[in-house]
Amino acid sequence: MEQNGKIQNSEVCQLKNEHLKSMTSDYLYHFGLNTDNLQERFGDVKFVCVGGSAHRMKMFAEYLREQLAGYVSVGDDLNDITGAAHRYSMYKVGPVLSVSHGIGAPSLAVMLDELFKLLYYAKCTSVTIFRIGTSGGIGVQPGTVVITDQALNGFLQPHYEQIILGKVITREAVLDKTLVSEIKAVAEKMDDIEVVTGGTMCAADFYEAQGRLDGSVCNYTADDKKQFLQKLFNAGVRNIEMESVCIAAKCHLVNIKCAIVCVALLNRLHGDQITTPPELYKKYELRPQRLVTQFIKTKLGFK
Ligand code: R2B
Ligand code: URA
């Protein structure tokens, strides 16, 4: 919303770094982008969808291009904007960016730092970020989509912790409750997708930190694992993944709304190994994409 031609602060990405003001140029190293023409190239971005795998984010961009046909030019080249840097992949489909972030909070954090600067330099306003990913479900059927209403670390605290200059710095992982309800309302109209809202535990690895028994090292018992997963379920946690507290905290710090929408590939109360057949995996992986696309279409005024 503009008032007297001035953009309200609440709608812009608010970088929290005074040092940037004295820099005459800024190279977004992992994107392989400098700050030339960013407003021209990205100024219309309103939605950014991020996910771990580069392949998934390319497929998502292709899906989106089909879904937004008529709104975006179908002939648009789907080139990987950040491909030359060989780290992350980024595609632009009209007002939507699809970006990969790799596995885990450190990889995601680097991508988000450069993404926030890109959005800031491009003067983007009212941007919403969605993480569309995979996860291990807690007490939900495989294939269920979990919309995170609270992102929690392994101590079940809504905190993202980093060691900065030798000190542990804790940032609050805050998610927008209204956005969660809006996405849930869209999901309720999609009969073929089971959707729940719930807590998401963010782990620092896939094996021991998620209580698996099938890693290369494990020094707890099957019973310890069972008790921990049951404790998660009782605390309202419905899935485990590896990025939620990081994205929730970092987006909150720069004043960007974010939502986390992940499909559960398995029910961790029943096992650890992911042996989903490829066709079923594709179907599951598509569910968060379909839901978020439907949400974006609603916001863009599609019937
Ligand atoms: C979900 O899946 C990945 C690990 O397989 C990780 O990025 C996550 O959060
Ligand atoms: N991603 C995770 O981090 N954990 C799972 O169990 C499945 C996907």
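Conventions adopted
- Within every chain, residues take consecutive numbers counted from 1 along the sequence as written.
- The lettering of chains begins at A and the numbering of ligands begins at 1, in the order of writing.
- In keeping with the predicted nature of the model, local features appear solely for residues at pLDDT of at least 70, side-chain atom pairs appear and are counted solely at 80 or more, and the whole-chain, interface and lining totals rest on all residues.
- Derived side-chain values reflect all non-hydrogen atoms in the structure, with water molecules and hydrogen atoms excluded from consideration.
- UniProt positions are given in the numbering used here, feature names are shortened, and annotations may be inferred rather than shown by experiment.
- The way it works is that DSSP assigns letters per residue, a run of H or I at least four long becomes a helix, a run of E at least two long becomes a strand, and they are numbered from the N terminus.
- Only the C-alpha atoms count toward the radius of gyration. The rule for a globule is 2.2 Å times the residue count to the power 0.38.
- By definition in these notes, contact holds between two residues if any of their heavy atoms fall within 4.5 Å.
- Surface exposure here means Shrake-Rupley accessible area, sampled with a 1.4 Å probe, where a residue is shielded only by the protein chains that are shown.
- Here, proximity means that at least one heavy atom of the residue falls within 4 Å of the molecule or strand.
- Any N or O atom pair separated by 3.5 Å or less is treated as a polar contact, with the protein-specific requirement of one donor-capable and one acceptor-capable atom, and with residues adjacent in sequence counted only for side-chain atom pairs.
- Amino acids are sorted into nonpolar (Ala, Val, Leu, Ile, Met, Phe, Trp, Tyr, Cys and Pro), charged (Asp, Glu, Lys and Arg) and polar (every other residue, Gly among them).

Looking at an unreviewed UniProt entry, one finds the protein named Uridine phosphorylase 2-like protein and attributed to Leptotrombidium deliense. Its UniProt record, at the heading Sequence similarities (unreviewed entry), says of the protein: "Belongs to the PNP/UDP phosphorylase family."

Draft legend 1. Highlighting the overall build of the protein. Tallying secondary structure elements over the protein gives 7 helices and 12 strands in all. Whereas a compact globule of 303 residues would reach a radius of gyration of roughly 19 Å, the protein reaches 19 Å, a difference of no more than 12%. The dimensions of the protein, computed from C-alpha atoms along their principal axes, are 60 × 50 × 40 Å. Taking as baseline every contact in the protein between residues at least 6 positions apart, the subset at least 24 positions apart corresponds to 77%. Of the accessible surface of the protein, which amounts to about 15000 Å², a share of 50% is contributed by carbon and sulfur atoms.

Draft legend 2. Spatial organisation of the site of ligand 1. Ile103, Arg131, Thr134, Phe206, Glu241, Met242 and Glu243 make up every residue found near ligand 1. A distance of 3.2 Å separates an oxygen atom of ligand 1 from a polar atom in the side chain of Thr134. Within the backbone of Met242, a nitrogen or oxygen atom sits 2.8 Å from an oxygen atom of ligand 1. Compared with its free state, where it exposes 260 Å², ligand 1 has 79% of that area covered by protein. For the shell around ligand 1, a count of residues per class yields 3 nonpolar, 1 polar and 3 charged.

Draft legend 3. Up close: unusual backbone geometry. Phi at His86 is positive, roughly 55°, even though this residue is not glycine. Following the sequence through the fold, His86 ends up in the loop between helix H2 (54-67) and strand E4 (90-93). Phi at Leu165 takes a positive value of approximately 50°, unusual for a residue other than glycine. Residue position: Leu165 is located in the loop between strand E8 (159-164) and strand E9 (167-172).

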